[in-house]
Amino acid sequence: MFIEPTFGKSRQSEKKGHIEVICGSMFSGKTEELIRRLNRALIAKQKVEIFKPAVDKRYHELDVVSHNENAIRSTPVQFADDIILLAGNCEVVGIDEVQFFDDRIVNVANVLANSGKRVILAGLDMDFEGNPFDPMPQLLAIAEYVTKVHAICMKCGDLASYSYRLVEVKNKVVLGEKESYEARCRKCFFEGKGR
Ligand SMILES: [Zn+2]
């Protein structure tokens, strides 16, 4: 479980930003964890802004939506750099589905954190082939805090960290994930790939 670091101490005197990354496979609860952190900041009356890439149109345009329908209003953005302007003077910036941004997001995360903001990024760390999903590796490297959450393997019930694609499509991105993907453990993922 992620324990929030001591934001309170430096808040009064000097604003110190930092970067948190929440990563994992599909069905691992990344968005739920992002929402949990953002809700806690909102309860503390901190100014929170939430963004997601405009490419992700599976559910509502304006909401960061997790699969348990636990939604927070968010702003879809076309380019990572738009976030710097739109974040304004907020204290906490949440970004969901961060793997769909290009590598400009790495600089954006640094700029936001260096200006004193708490930056929380959630995204898939591996694609459906089990390869690192750029730009997540770069974001994991620059983050102060990294949380990897796990799903349950739909084959055997162990902890799962892979997103197994059930349909034959060439694209890296296939939306509508519930029908197209299974969370799988390492063993079941690679056994399935070797079919
Ligand atoms: Zn398994």
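The rules behind the values
- Residues numbered from 1 in each chain as written.
- Predicted model: local features only at pLDDT ≥ 70, side-chain atom pairs only at ≥ 80, totals over all residues.
- Helix = DSSP H or I, 4+ residues; strand = E, 2+ residues; numbered from the N terminus.
- Buried ≥ 20, exposed ≤ 12 C-beta atoms within 10 Å, placed from the backbone.
- UniProt positions renumbered as here; feature names shortened; annotations may be inferred.
- Pairing = 2+ DSSP bridges.
- Axes fitted to C-alpha atoms, helices over the stretch in contact; angles between N-to-C directions.
- Contact = placed C-beta atoms within 7 Å.
- Arc of directions from axis to C-beta.

Considerations on unusual backbone geometry
The omega torsion of the bond from D134 to P135 falls at 0 degrees, within 30 degrees of zero and hence cis. Positionally, P135 belongs in the loop between β7 (118-124) and α5 (136-142). Notably, F27 is not glycine yet its phi reads approximately 65 degrees, a positive angle. Within the secondary structure, F27 is located in the loop between β1 (18-24) and α2 (30-43). Given 19 C-beta atoms within a 10 Å radius, F27 is considered partly exposed. Phi at E97 takes a positive value of approximately 50 degrees, unusual for a residue other than glycine. With respect to the secondary-structure elements, E97 resides in the loop between β6 (92-95) and α4 (104-114).

Some remarks on the UniProt feature "binding site: ATP" (unreviewed entry) in the protein chain
Residues given the UniProt feature "binding site: ATP" (unreviewed entry) here are G24, S25, M26, F27, S28, G29, K30, T31, D96, E97, V98 and Q99. For D96, the location among the structural elements is in the loop between β6 and α4.

Some details on the sheet that holds strand β5 (residues 75-77)
Spatially, six strands are ordered β5-β2-β6-β7-β1-β8 in an open sheet, and the strand pairing comes out parallel. Lying at the two open borders of the sheet, with one neighbouring strand each, are β5 and β8 (145-149). Strand after strand, the sheet turns through a mean of 20 degrees between neighbouring axes, direction not considered. Here α2 sits on the sheet and contacts β1, β2 (48-53), β6, β7 and β8; the angle it forms with β7, its principal contact strand, is near 165 degrees. Contacts from α4 reach β1, β6 and β7, with the element oriented near 155 degrees to β7.

With respect to α4
Inspection of α4 places I105, V108, A109, L112 and A113 among the buried residues, and these make up the whole buried set. Summarising the axial view, the buried residues of α4 lie within an arc of 125 degrees, below the 170-degree limit, and thus occupy one face. Its buried side turned inward, α4 meets β1, α3 (82-87), β6, β7 and α5. In the segment just after α4, G116 is the residue with positive phi, at about 100 degrees.

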